[in-house]
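The lines below spell out each chain.
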Amino acid sequence: MISVQNLTKRYGDLVAIDNVSFQVQRGEVLGFLGPNGAGKTTTMRIITAYMPPTEGTVHVAGFDVVENPIEAKRQIGYLPENPPLYNDMTVDGYLDFVADIKQVPGKNKKNRIGLAMEKCGITDVRKRLIGNLSKGYRQRIGIAQAIVHDPAIIVLDEPTLGLDPKQIIEIRELIKNLSGERTVILSTHVLPEVTMTCTRVAIINEGRIVLEESLDKLSEKVETAQNLFLKIGYKESGVKEKILSFEAVSNVSETSSGEFIIQSREGKDIREDLAKMVVGNGWGLLELRPLTQTLEEIFLRVISTEGG
Amino acid sequence: MKAICTILKKELKSYFSSPIAYIVLVVFLVLSGIFFFLYLQSFVGSQFDPRFQFFKERLNLNEFVIRPYLGTMSVVLLIMIPLITMRLLAEERKNSTAELLFTSPLRVLHIVLGKFLASLTLFLVMLILSTVYVIVLMAYGNPDLGPIFSGYLGLFLLGASFLAVGLFASSLTENQIVAAVVSFGILLVFWVIGASSDADSSIMGYLSIIDHFDNFTKGVIELKDVVYYISFIFLGIFLTHLILDSERWR
Ligand SMILES: Nc1ncnc2c1ncn2[C@@H]1O[C@H](COP(=O)(O)OP(=O)(O)O)[C@@H](O)[C@H]1O
Ligand SMILES: [Mg+2]
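Residues numbered from 1 in each chain as written. Chains lettered and ligands numbered in written order. Predicted model: local features only at pLDDT ≥ 70, side-chain atom pairs only at ≥ 80, totals over all residues. Heavy atoms only, no water.

## Considerations on the pattern of salt bridges
Inspection of the entire model under this criterion finds 28 salt bridges over all chains. The partner of Arg182 of chain A in a salt bridge is Asp150 of chain A, with the nearest N and O atoms 3.0 Å apart. Here the residue Arg182 of chain A occupies a position in the loop between helix H6 (165-178) and strand E8 (183-188), and Asp150 of chain A occupies one in the loop between helix H5 (135-147) and strand E7 (153-157), the gap between them amounting to 32 residues. Taking relative accessible area as the criterion, Asp150 of chain A reaches 43% and is therefore assigned partly exposed. The partner of Lys10 of chain B in a salt bridge is Glu11 of chain B, and the shortest N-O contact between them spans 2.8 Å. As far as burial versus exposure is concerned, Lys10 of chain B and Glu11 of chain B are alike and both buried. (Salt bridge = Lys/Arg side-chain N within 4 Å of Asp/Glu carboxyl O. Helix = DSSP H or I, 4+ residues; strand = E, 2+ residues; numbered from the N terminus. Buried < 20%, exposed > 50% of the residue type's maximum accessible area, 1.4 Å probe, protein only.)

## Some remarks on the pairing of strand E12 (residues 249-256) of chain A
Inspection of the sheet shows E12 of chain A paired to strand E13 (residues 259-264) of chain A by six bridges, in the antiparallel sense. In the strand pairing of E13 of chain A, Ser253 of chain A is matched with Ile261 of chain A. (Pairing = 2+ DSSP bridges.)

## Quick notes on the coordination of the magnesium ion (ligand 2)
All names here are of chain A. The protein atoms that coordinate the magnesium ion (ligand 2) are Thr41 (OG1) and Glu81 (OE), at distances spanning 2.0 to 2.5 Å. With Thr41 in helix H1 (residues 40-47) and Glu81 in the loop between strand E6 (76-79) and helix H3 (91-101), this pair connects stretches of sequence that are 40 residues apart. Residue classification places Thr41 among the buried residues on the basis of a relative accessible area of 18%. Its relative accessible area of 29% is what places Glu81 among the partly exposed residues. (Donors = N, O, S within 2.8 Å, 3.2 Å for Na, K, Ca; no water.)

## Some details on the state of the cysteines
Per the counting criterion, the structure on display carries zero disulfides over all chains. Not engaged in a disulfide, the cysteine Cys120 of chain A finds its nearest cysteine sulfur in Cys198 of chain A; these two sulfurs lie 17 Å apart. (Disulfide = S-S within 2.5 Å.)

## Quick look at the domain arrangement of chain A
Here the domain parsing of chain A yields domain 1 (2-221) and domain 2 (226-291). Taking the mean C-alpha position of each, domain 1 of chain A and domain 2 of chain A sit 47 Å from one another. (Domains from an automatic or database assignment.)

## Things to note about the side chain of Thr103 of chain B
When you line up the elements, Thr103 of chain B lands in the loop between helix H5 (97-102) and helix H6 (108-140). A residue is classified by how much of its surface remains accessible, and Thr103 of chain B, at 7% relative accessible area, is buried. If near-sequence neighbours (up to four positions away) are discounted, Thr103 of chain B is found in contact with Thr48, Tyr50, Lys73 and Tyr78 of chain A. (Contact = heavy atoms within 4.5 Å.)

## Here's the deal with the sheet that holds strand E5 (residues 63-64) of chain A
All names here are of chain A. One open sheet accounts for four strands, arranged E2-E1-E4-E5; its pairing is antiparallel. For this open sheet the edge positions go to strand E2 (14-24) and E5, each flanked by a neighbour on one side alone. Bridge count for strand E1 (residues 2-11) against strand E4 (residues 55-60) is five bridges, and the pairing is antiparallel. Note that in E4 the partner of Ser3 across the bridge is His59. Its contacts with the sheet put H1 on E1, E2 and E4, and the angle it makes with E1 is roughly 120°. (Axes fitted to C-alpha atoms, helices over the stretch in contact; angles between N-to-C directions.)

## Some remarks on helix H4 (residues 106-120) of chain A
Residue and element names in this part refer to chain A. For H4, spanning 15 residues, the distance from its first C-alpha to its last is 22 Å, which sits close to the expected 21 Å at 1.5 Å a residue. Close packing links the buried residues of H4 with H3, H5 and H6. Where H4 ends, the next residue or the one after it, Gly121, has phi of about 65°, a positive value. (Expected span 1.5 Å × (residues − 1).)

## A word on unusual backbone geometry
All names here are of chain A. If you check the backbone angles, Asn6 has positive phi at about 50° while not being a glycine. Counting through the fold element by element, Asn6 comes out in strand E1. A positive phi angle, near 50°, is found at Ala61, a position not held by glycine. Position of Ala61 relative to the elements: it lies in the loop between E4 and E5.

## Re the site of ligand 1
Residue and element names in this part refer to chain A. Around ligand 1, the neighbouring residues are Tyr11, Leu14, Ala16, Pro35, Asn36, Gly37, Ala38, Gly39, Lys40, Thr41 and Thr42. At 2.9 Å from an oxygen atom of ligand 1 is found a main-chain nitrogen or oxygen belonging to Gly39. A distance of 2.8 Å separates an oxygen atom of ligand 1 from a polar backbone atom of Lys40. Within the complex, 63% of the 550 Å² of free accessible area of ligand 1 lies under protein. At the level of elements, E2 and H1 are the ones that each hand at least two residues to the shell around ligand 1. By residue number, the principal contributor to the shell around ligand 1 is H1, which donates three residues. (Near = heavy atom within 4 Å. Polar contact = N/O pair within 3.5 Å; in protein donor to acceptor, adjacent residues only side chain to side chain. Areas by Shrake-Rupley, 256 points an atom, 1.4 Å probe, with all protein chains shown as cover.)

## So, the pairing of E2 of chain A
Residues and elements named next belong to chain A. Looking at chain direction, E1 and E2 are connected through seven bridges and run antiparallel. Paired with Tyr11 across the strands is Leu14, a residue of E2. Hairpin connection, E1 to E2: the antiparallel pair is bridged by two residues, and Gly12 has positive phi, about 65°.

## Structural notes on the packing of H3 of chain A against H4 of chain A
Residue and element names in this part refer to chain A. The contact between H3 and H4 brings their axes to 10 Å, and the two run at 125°. Relative to H4, the element H3 is oriented oblique. Considering the relative orientation of H3 and H4, their crossing is right-handed. Contact residues: H3 offers Val91, Asp92, Leu95, Asp96, Ala99 and Asp100, while H4 offers Lys109, Ile113 and Met117. Considering only residue class, the contact of H3 with H4 consists of five nonpolar, no polar and four charged. (Parallel < 35°, antiparallel > 145°, perpendicular 65-115°, else oblique. Left-handed = near helix turned anticlockwise from the far one by under 90°. Nonpolar A, V, L, I, M, F, W, Y, C, P; charged D, E, K, R; others polar.)

And the structure:
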């Protein structure tokens, strides 16, 4: 549905994105994850034909955004980083205007606006001035604006930025409900957003894609790497060696006194044996738990190794 | 066409839902009213002044009231029009609604034309309301209607050119105050450009935005003046389009 090929954007000397390529299939929700300044907004602005790339091409629903911008724009609903709202309009008036510029045919207009408002839960404020509404509502109106013409593709740039925790949960719920038939790209710099709403993730750092994977595959990877965390009360020497004597243990490292991270060989569960050993030796077992490598750690590792 | 209308409608609503349109209208009408009655008063006064006895036949409403009134109006427009146009594009960029407009399937030219026509409409309302003074005048005297008509046509063309400059200035920045100051600056340059040259026929004289207005106030509609203003308007719209279409603006 969306195909981004070798995209590069320079602002003068600054290379904002560098040779970025990725694909999004129909019905996928791609999380575009990266720290601030990574080039997320720049990429989204090029995909939505707001600005042209320096090099590379983008196709949305088969239309090249540079060659055929008007057709490409018809396919997309876009929520910029700051919701593009007119404070002096009512919610009704605003969505009516947006439906007009998105060329929703007159006979469908009322219907479409009603649906968009219902989906985004803003029907009860339809007569209110946008300028007087809270940030949460403004974000919802921004999303309603992006779906009012029933686009096949939705592009959301940091849709939960600056919201309070309750609003964030509500917006994520809303995004989940939007997906399905539609193809969605959403950018974010917070990882849980991706795990909660997306089917696929592309991690971007300093203008480069450093990882692109479906979320299912990624969590498989996460689960197979099993480390154990062990904490004991008595600090004897030789503990490390004794643990290493287990067949199934491949590596042990003492992170601080009395605390160990134990890496077992793939698929082997040594928790029971390890517990017996600690108790048998009277080392004073304080804590023993599996240390799954979280997505968070993968994210941090990926952006710090590639970035440096 | 529909796209232009959509933008035009939105801009007009925006003008009249904020105080700016009303303030501009009221200030314009009050100022034009004050000047009009000042000129009228001095005209009435001079009728009884013995010093004017000898060329009394030259004393007429057109020469002593309408012409200076139109001249003053052109100065008032110079100051007021940047206030009308300053928000047109600067505000869109500031509120990132530009991202909505320019990712919608509208042509940039339609957006520009819609905005220009909206400001032109507000300006037309100003002009039409200000004709009440002329109507008052007609109730008391009988001025020559030809120069009044041509004068108002001149004001319309002059104001429309100011609007085109203002729209262009508004496309350069996201700060409305900067937009207003820049358009005022550009207009002032085109205003005084004629004063520096002594010959009317020089290039500087031809470029001057106010020299072309003079004929209109005398009741003369010359093609070269009309062509000048129309090209001025087209140039302003073209440059605005150029700026909005350029990569740097985004
Ligand atoms: N209009 C612009 N002009 C110059 N530099 C820009 C512009 N927009 C973004 N940048 C720079 O490009 C880089 C990427 O920015 P951006 O795409 O906004 O990142 P993100 O959205 O991931 O935070 C940043 O270093 C930013 O300063
Ligand atoms: Mg950003």
